[in-house]
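# Descriptive structure summary
Here is how the chains run, residue by residue.
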Amino acid sequence: MRVVDDILKLIGNTPMVRLKNIPKSTDASVYVKLEYLNPSGSLKDRIALEMIRTAEEEGKLKPGYTIIEASTGNTGIALSFVGSHLGYKVVIYMPEGMTQDRINIMKSYGAEVYLIKPEDLKSSEKSVAGAEIEIPTRMMCLERERSDPKVWWARQFKNPANTKAHIKTGKEILQQLDGEVDAFAASIGTGGTLLGISKALKDELPNIKIIGIEPASAKYSLVSGFKKVPGASEEVSGGIVAELIDSGLVDEFVSVTNDDAIDMTNRLLFEEGLFAGVSGGANVLVAYKLSKKLGKNKRIATVLPDSRDRYLTEMRYTT
Ligand SMILES: Cc1ncc(COP(=O)(O)O)c(C=O)c1O
């Protein structure tokens, strides 16, 4: 058993479980990486640490600065944890309508949390047409960054350290499965998880099948290619997701409905004892369908990004 002298050393190196009840013995094996066992409860601890350390090394983040970010939950929680632990002030801008639990966790870690309505924006771009959920909060970060030199905006949606953190996750998967993986599937938010892990896996295994997953409700679906949010500037849109599409690393994009993701999230709990969040259910659903196609003696890997306790008041699959 590991003993460490700093909680940050427990980020990453998460364990893996081979599902024993959901796939049948004639199906491919499905391996899930328990990212909810990271210290603040999600895979975003990895990127919070990597983005902060990189910014410190590059001189963009210095003692006395405030870390800011736009987040619907997990990244805000992870930055609140890592940032506060390292002595920074942390401010998170969240879209209105997220659960109170997430806000309470960020505040427990010491962050300030502001709930943003598009109307709250001062800038001329406040009328972003059909903005995806995070655009107004990113606009808020941009305004704050421009007006205060002692602010560092983590910019998870386009920060290369996000992808870099997950190249390490991919290397862990390779090591845990002795370099034998036939397919990998993961849900896309910023795209950092899928891009980083795919880079690591395809580097070693050029024939591996990579599947990107998104909620069926996504307004700007990737299934038919990347589309810019109408009216949103480069400063607040695109980034890693656009890079992911251009990279050609993803063999297939599929969408999963909220209800189907929740059904599999429940099966993970009842049949496997895994207390995973809803995007984990979506990931396993896609891996499970593929396990039937690939059949025995093949191996599919995926991640359980966060824990079910983030969804107790509202089960929802939007990454
Ligand atoms: C619960 C959950 N699952 C999956 C993802 C997707 O991760 P990424 O932003 O790396 O694409 C996120 C983040 O957006 C998330 O919070």
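Residues numbered from 1 in each chain as written. Predicted model: local features only at pLDDT ≥ 70, side-chain atom pairs only at ≥ 80, totals over all residues. Heavy atoms only, no water.

## Comments concerning the side chain of Ser307
Selection criterion: A run of DSSP states H or I qualifies as a helix once it reaches four residues; a run of E qualifies as a strand once it reaches two. Both are numbered from the N-terminal end. Think of a polar contact as two N or O atoms within 3.5 Å of one another; within protein, one of them needs to be a possible hydrogen donor and the other a possible acceptor, and neighboring residues in sequence only count if both atoms come from side chains. Here, residues are in contact when the closest pair of their heavy atoms is within 4.5 Å.
Note that Ser307 resides in the segment after β10 (299–304). A polar contact is formed between the side chain of Ser307 and the side chain of Asp309, at a distance of 2.8 Å. For Ser307, the contacting residues outside a window of four places in its chain are Tyr36, Gly41, Phe275, Ala276 and Gly277.

## What about the environment of Leu269?
Mapped onto the fold, Leu269 is located in helix α8 (residues 258–272). C-alpha of Leu269 to C-alpha of Gly281: the two residues are 12 residues apart in sequence and 9.7 Å apart in space. Excluding anything up to four places from it in sequence, Leu269 contacts Leu274, Phe275 and Arg308.

## Focus on the site of the ligand
Note the threshold: The cutoff for a nearby residue is simple: one of its non-hydrogen atoms must lie within 4 Å of the molecule or strand. All residues other than Ala, Val, Leu, Ile, Met, Phe, Trp, Tyr, Cys, Pro, Asp, Glu, Lys and Arg, Gly among them, are scored as polar; the first ten of these are nonpolar and the last four charged.
The local shell around the ligand holds 14 residues, among which Lys44, Gly189, Thr190, Thr193 and Ser279 are the closest. One of the side-chain nitrogen or oxygen atoms of Lys44 is found 2.6 Å away from an oxygen atom of the ligand. One nitrogen or oxygen atom from the main chain of Gly191 is found 2.8 Å from an oxygen atom belonging to the ligand. Per-class residue counts for the shell around the ligand are 3 nonpolar, 9 polar and 2 charged.

## Details of the nonpolar core
The following threshold applies: The definition of a nonpolar core used throughout is a set of buried Ala, Val, Leu, Ile, Met, Phe, Trp, Tyr and Cys residues joined through side-chain atoms within 4.5 Å. When accessible area is computed with a 1.4 Å probe and restricted to protein chains, residues below 20% of their type maximum are described as buried, those above 50% as exposed, and intermediate ones as partly exposed.
In this structure, Val32, Val256, Leu268, Leu274 and Leu304 are the most contacted members of the largest nonpolar core, which totals 31 residues. No other element matches helix α9 (residues 278–294), which puts 8 residues into this core. Not counting residues within four places of it along the chain, the set of residues in contact with Leu304 comprises Val32, Lys33, Leu34, Glu35, Tyr36, Leu268, Leu274, Ala276, Gly280 and Val284. Of all hydrophobic cores here, the second largest spans 28 residues; its members include Ile52, Ala78, Tyr88 and Ala165.

## Details of the packing of helix α1 (residues 44–57) against helix α2 (residues 74–85)
Short version of the rule: Between N-to-C directions, angles cover 0 to 180 degrees, with each direction set by a line fitted to C-alpha atoms, over the stretch in contact for helices. Here roughly perpendicular refers to angles of 65 to 115 degrees, roughly parallel to angles under 35, roughly antiparallel to angles over 145, and oblique to all remaining angles. Left-handed describes a crossing in which the near helix is turned anticlockwise from the far one by less than a right angle; the clockwise case is right-handed.
The contact between α1 and α2 brings their axes to 8 Å, and the two run at 50°. With respect to α2, the element α1 is oriented oblique. Note on packing geometry: the crossing formed by α1 with α2 is right-handed. Counted together, Lys44, Asp45, Ile47, Ala48, Leu49, Met51 and Ile52 of α1 and Asn74, Thr75, Ala78, Leu79, Phe81, Val82 and Gly83 of α2 form the full contact between these two elements.

## Examining the domain arrangement of the protein
Our working definition: An automatic or database domain assignment supplies the start and end points of every domain. Buried area is understood as the total, over both parts, of accessible area removed when two parts are fitted together, assessed with a 1.4 Å probe. Criterion for a salt bridge: a side-chain nitrogen of Lys or Arg within 4 Å of a carboxyl oxygen of Asp or Glu.
With domains assigned, the protein is organised as domain 1 (7–38 + 160–311) and domain 2 (44–153). The distance between the C-alpha centroids of domain 1 and domain 2 comes to 24 Å. With 32 residues of domain 1 at the interface, the matching set in domain 2 holds 31 residues. The largest contributions to the domain 1 side of the interface with domain 2 come from Leu8, Val236 and Arg310, which together make up 29% of the buried area. For Arg46, the salt bridge goes to Glu172, with nearest N and O atoms at 3.0 Å. Linking domain 1 with domain 2 are 10 residue pairs in polar contact (both at pLDDT 80 or more), by the criterion used here. Sorting elements by how many residues they give to the side of domain 1 that touches domain 2 places helix α5 (residues 160–176) first, with 8 residues. Looking at side-chain class alone, the side of domain 1 that touches domain 2 contains 11 nonpolar, 11 polar and 10 charged residues.

## Brief notes about the packing of helix α6 (residues 192–204) against helix α7 (residues 240–247)
At a minimum axis distance of 9 Å, the contact between α6 and α7 shows a crossing angle of 40°. Here α6 is positioned oblique relative to α7, judged by the angle of their axes. The interaxial crossing formed by α6 with α7 has left-handed handedness. Each of Gly192, Leu194, Leu195 and Lys199 in α6 lies in contact with α7, whose residues at this interface are Ile240, Glu243, Leu244 and Ser247.

## Observations concerning helix α4 (residues 135–147)
Given 3.6 residues per turn, any residue in an α-helix points the same way as the ones three and four places further on. Cut-off, in case you're wondering: In this analysis, the expected span of each helix is defined as 1.5 Å times one less than the number of residues it contains.
Compared with the 18 Å implied by 1.5 Å per residue over 13 residues, the 18 Å span of α4 between its first and last C-alpha is a close match. Those residues of α4 hidden inside the fold are in contact with β3 (66–70), β4 (89–95), β5 (112–116) and β6 (151–153).

## A look at the pattern of salt bridges
Evaluated as defined, the whole model comprises 17 salt bridges. Look at the salt bridges and you will find they share partners, linking Lys33, Glu35, Arg46 and Glu172 into a network.

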